[in-house]
Amino acid sequence: KAGVTQTPRYLIKTRGQQVTLSCSPISGHRSVSWYQQTPGQGLQFLFEYYSETQRNKGNFPGRFSGRQFSNSRSEMNVSTLELGDSALYLCASSPGGAWATNEKLFFGSGTQLSVL
Amino acid sequence: GESVGLHLPTLSVQEGDNSIINCAYSNSASDYFIWYKQESGKGPQFIIDIRSNMDKRQGQRVTVLLNKTVKHLSLQIAATQPGDSAVYFCAETHNNDMRFGAGTRLTVKP
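First things first, this report covers the structure right here in the doc. Each chain has its residues counted from 1, running along the sequence as written. Each chain gets a letter, beginning with A, and each ligand a number, beginning with 1, in the order they are written. Reporting in this predicted model follows two pLDDT cut-offs: at least 70 for local features of residues, and 80 or more for side-chain atom pairs to be given and counted; totals over whole chains, interfaces and linings ignore these cut-offs and use all residues. No hydrogens and no water enter the side-chain calculation; it runs on all heavy atoms of the structure.

## Some details on the overall build of chain A
Helix numbering and strand numbering both begin at the N terminus, where a helix is a DSSP run of H or I of at least 4 residues and a strand a DSSP run of E of at least 2. Looking only at helices and strands, chain A has zero helices and eleven strands in total. The helix and strand sequence of chain A, counted from the amino end, reads β-β-β-β-β-β-β-β-β-β-β. Throughout, the radius of gyration refers to the C-alpha atoms, and the reference size of a globule is 2.2 Å times the residue count to the power 0.38. Here the C-alpha radius of gyration of chain A, 13 Å, is about what a compact globule of 116 residues would show, namely 13 Å. A principal-axis box enclosing the C-alpha atoms of chain A has dimensions of 40 × 25 × 25 Å. Classification of the 116 residues of chain A by burial places 50% in the buried group. Burial classes follow relative accessibility: with a 1.4 Å probe on protein chains only, a residue under 20% of its type's maximum area counts as buried, one over 50% as exposed, and anything between as partly exposed.

Listed below in structure tokens is the structure:
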């Protein structure tokens, strides 16, 4: 079974631009969640989608958004990029019934975003 | 505010020894805890989890201990191998919010 796939692997943008990252979950998984990882703040939860609906959300500004398609693939978007948005963005998939309560997450390798 | 933290940022052990990685949490209402392993260039990988109604859970070469009295979580790795070298971090969940510790870098010396 293929794992979680994230594209692109690396991305360089400049301040003020916007970016879209993509995540394909493991086949059959209906929950996709997104995380930001930086050396300073560590790993932080962004949001979680299930059946095309944002079900849970972390404490990030509205510039960070996402969506999920009917095939469970998900995208996240960051608008008006800031230098501090430079990070590794990870997505994870899980079957979906019990995200954050009793369900193993399967992570992709991430998209490394650099904002210049 | 609430936080999840680790006592040590780095840990170096000899191959074959046992490793203990610690994590402190401050939200006494957290009900689910997970340990992840992250190797360089890869995403985190689930190692083991434990619910708040348990004190101990064992997996293959790994054991997680939960001490709710002092809000402490530990990961024990038996007979540490070079392939165990990675960053390990804990996570806690409560009310559909997930928070992660900063991570401990484990280095296994041959």
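## Quick look at the interface of chain A and chain B
Opposite the 18 residues of chain A that make contact, chain B presents 16 residues. Once two parts are joined, some of their accessible surface, as seen by a 1.4 Å probe, is lost; buried area is that loss totalled over both. For the pairing of chain A and chain B, the buried interface totals around 1,500 Å² over both sides, and the portion due to carbon and sulfur atoms is 56%. Salt bridges are defined by distance alone: a side-chain nitrogen of Lys or Arg within 4 Å of a carboxyl oxygen of Asp or Glu. Where chain A touches chain B, the interface holds zero salt bridges. For the side of chain A that touches chain B, the elements supplying multiple residues, two or more each, are strand E4 (31–38), strand E5 (42–50) and strand E9 (87–94) of chain A. Residue polarity is assigned by list, with Asp, Glu, Lys and Arg as charged and Ala, Val, Leu, Ile, Met, Phe, Trp, Tyr, Cys and Pro as nonpolar; anything else, Gly included, falls into the polar class. Of the residues contributing to the side of chain A that touches chain B, the split by class is nine nonpolar, six polar and three charged. Pairs of residues are marked as contacts when any of their non-hydrogen atoms sit within 4.5 Å.

## Observations concerning the environment of His72 of chain B
All names here are of chain B. Note that His72 resides in strand E8 (residues 72–77). Spatially, the C-alpha atoms of His72 and Ala24 are 4.6 Å apart, while their sequence positions differ by 48 residues. Here Asn22 takes part through its side chain, which lies 3.3 Å from a polar atom of the side chain of His72. We define a polar contact as two N or O atoms separated by no more than 3.5 Å, with the added condition that, inside protein, one atom must be a possible hydrogen donor and the other a possible acceptor, whereas residues neighbouring each other in sequence contribute only through side-chain atom pairs.

## Looking at the side chain of Asp85 of chain A
Relative to the elements of secondary structure, Asp85 of chain A occurs in the loop between strand E8 (74–78) and E9. Relative accessible area serves as the criterion here: at 4%, Asp85 of chain A is assigned to the buried category.

## Some remarks on unusual backbone geometry
Omega for the bond connecting Thr7 of chain A with Pro8 of chain A falls within 30 degrees of zero, at -10°, which places this linkage in the cis form. When you line up the elements, Pro8 of chain A lands in the loop between strand E1 (5–7) and strand E2 (10–13). With phi around 80°, Ser72 of chain A is a residue other than glycine that occupies positive phi space. Checked against the element boundaries, Ser72 of chain A lands in the loop between strand E7 (64–68) and E8. A positive phi is found at Asn95 of chain B, a non-glycine position, where the angle reads about 50°. Relative to the assigned elements, Asn95 of chain B resides in the loop between strand E9 (86–94) and strand E10 (97–100). On the basis of relative accessible area, Asn95 of chain B is assigned to the exposed category, the value being 63%.

## Re the packing of aromatic side chains
Any pair of Phe, Tyr and Trp rings, taking the six-membered ring for Trp, is counted once the centres come within 6.5 Å. Such a pair is stacked with planes under 30 degrees apart, edge-to-face with planes over 60 apart, and tilted for the rest. Tallied over the full model, the rule gives eleven aromatic pairs over all chains. With a centroid separation of 5.5 Å and 90° between ring planes, the pair formed by Phe107 of chain A and Tyr36 of chain B is classed as edge-to-face. With Phe107 of chain A in strand E10 (residues 106–107) and Tyr36 of chain B in strand E4 (residues 32–38), this pair bridges two chains. Ring centres of Tyr36 of chain B and Phe100 of chain B lie 6.3 Å apart, and the angle between their planes is 45°; this geometry places the pair in the tilted category. One end of the pair, Tyr36 of chain B, is in strand E4; the other, Phe100 of chain B, is in strand E10, with 64 residues separating them in the sequence. Aromatic rings pair up to connect Tyr35, Phe45 and Phe107 of chain A together with Tyr36, Phe46, Phe89 and Phe100 of chain B into one cluster. As a reminder, the over-ring test applies to NZ of lysine and CZ of arginine, requiring each to be within 6 Å of the ring centre and within 35 degrees of the ring normal. Its end group placed over the ring of Tyr10 of chain A, Arg9 of chain A keeps NZ or CZ at 5.2 Å from the ring centre.

## Here we look at the pairing of E9 of chain B
Residue and element names in this part refer to chain B. Counting buried positions along E9 gives eight out of nine residues, so the element sits mostly inside the fold. The rule for pairing is simple: two strands pair if DSSP sees at least two bridges between them. Judged from the three bridges that link them, E9 and strand E11 (residues 104–109) form a sheet pairing that is antiparallel. In the sheet register, Tyr88 faces E11, and the bridge partner there is Thr104. Here E9 pairs with E10 via four bridges, running antiparallel. Each residue of the ladder has a partner; that of Ala91, found in E10, is Phe100. Here E9 folds back onto E10 in antiparallel fashion, the turn holding two residues, of which Asn95 has a positive phi close to 50°.

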